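An overview of the molecular structure
Take a look at the letters that make up each chain.
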Amino acid sequence: MTLNVSAYAFCEARLEFNRTDLKDPLMTKYWAAVIVAEPIADEKLAKFGGFDFSDKSDENGDRLLARLEYFLRQHRSKDALSDENGMNVAEASVRSYLGANGVKVSKLDGLDDYWTAATTLWPDLIETKPRIKDIYTLRFQLDRIPRKQRPKIAKANLARLPVAWNAREAA
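Residues numbered from 1 in each chain as written. Predicted model: local features only at pLDDT ≥ 70, side-chain atom pairs only at ≥ 80, totals over all residues. Heavy atoms only, no water.

**A closer look at the overall build of the chain**
The condition that has to hold: To qualify as a helix, a DSSP run of H or I must reach at least 4 residues; to qualify as a strand, a run of E must reach at least 2; elements of each kind are numbered from the N terminus. Type-normalised accessible area, obtained with a 1.4 Å probe on protein chains alone, sets the label of each residue: buried when under 20%, exposed when over 50%, and partly exposed for intermediate values. Should any heavy atoms of two residues lie within 4.5 Å, those residues are considered in contact. Accessibility throughout is a Shrake-Rupley quantity obtained with a 1.4 Å probe, and a residue counts as covered only by protein chains that appear here.
Counting its regular elements, the chain contains nine helices and zero strands. When its helices and strands are written in sequence order, the chain yields α-α-α-α-α-α-α-α-α. In the chain, which comprises 171 residues, the share counted as buried stands at 45%. Sequence-distant contacts in the chain: of pairs separated by 6 or more residues, those separated by 24 or more amount to 59%. Looking at the chain as shown, the accessible area adds up to about 10,000 Å², and 50% of this sits on carbon and sulfur atoms.

**So, the packing of helix α2 (residues 29–37) against helix α4 (residues 58–74)**
To keep it simple, the criterion reads: A fitted line through C-alpha atoms represents every axis, and for helices the fit uses only the stretch in contact; the resulting angles, taken between N-to-C directions, go from 0 to 180 degrees. Here the angle decides the label: under 35 degrees means roughly parallel, over 145 means roughly antiparallel, 65 to 115 means roughly perpendicular, and every other value means oblique. We call a crossing left-handed when the near helix sits turned anticlockwise from the far one by less than a right angle, and right-handed when that turn is clockwise. In this classification, the charged set is Asp, Glu, Lys and Arg, the nonpolar set is Ala, Val, Leu, Ile, Met, Phe, Trp, Tyr, Cys and Pro, and all remaining amino acids, among them Gly, are polar.
Where α2 meets α4, the axes come as close as 7 Å, and the angle between the chain directions of the two elements is 30°. Taken together, α2 and α4 sit at an angle that is classed as roughly parallel. For the crossing formed where α2 meets α4, the hand is left-handed. Contacts between α2 and α4 pair K29, Y30, A32, A33, V36 and A37 from the former with D58, N60, G61, D62, L64, L65, L68 and L72 from the latter. Looking at the contact of α2 with α4 residue by residue, the class counts come to nine nonpolar, two polar and three charged.

**Some words on the environment of D134**
Mapped onto the elements of the fold, D134 is located in the loop between α6 (111–121) and α7 (135–144). We classify D134 as buried; its relative accessible area is 10%. Taking C-alpha positions, D134 is 9.5 Å from F10, a pair spaced 124 residues apart along the chain. With sequence-adjacent residues up to four places away left out, D134 is seen in contact with F10, L111 and W115.

The structure is reproduced here in structure tokens:
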């Protein structure tokens with residue numbers, strides 16, 4: 001039996017990003033909520049309020065997933081997981097993928113530019129209209145591209161990038 005968390009799209013995306021096995025018979029909604037909440041700073045959860053992880057029941061797991069879903073929706077633009085530099089692990093990873101493959105990441109102005117650059121470099125491997133278009137979904141898709149194929153495909157498509165974004169053209 002598979003744990004169904006489809007009612008919580010942002011939580012489901014986080015669980016998918018973490019490669020959580022929802023078919024595991026020991027996986028409950030409570031543990032799914034713990035996995036979703038784990039990378040979020042305790043101070044941010046406390047400030048948002050309404051999280052009680054002491055009750056491990058499925059009913060509480062439902063409540064926690066609902067609150068986390070609301071939290072993630074509210075903090076989507078501010079990025080709930082940002083570090084002291086304002087960049088989270090997923091964003092840093094995406095910037096690394098792009099920078100290592102010839103993109104001048106300092107010229108990118110945010111999420112839409114990251115998606116545009118990624119879909120330009122790997123047009124057949126990055127889904128252009130995902131269910132949720134966030135940094136975590138983009139990183140997940142970049143992670144799925146085999147490591148040895150990434151630079152070969154990117155190099156072939158580098159000329160399709162705007163000149164300002166192309167680190168090799170600017171040099």
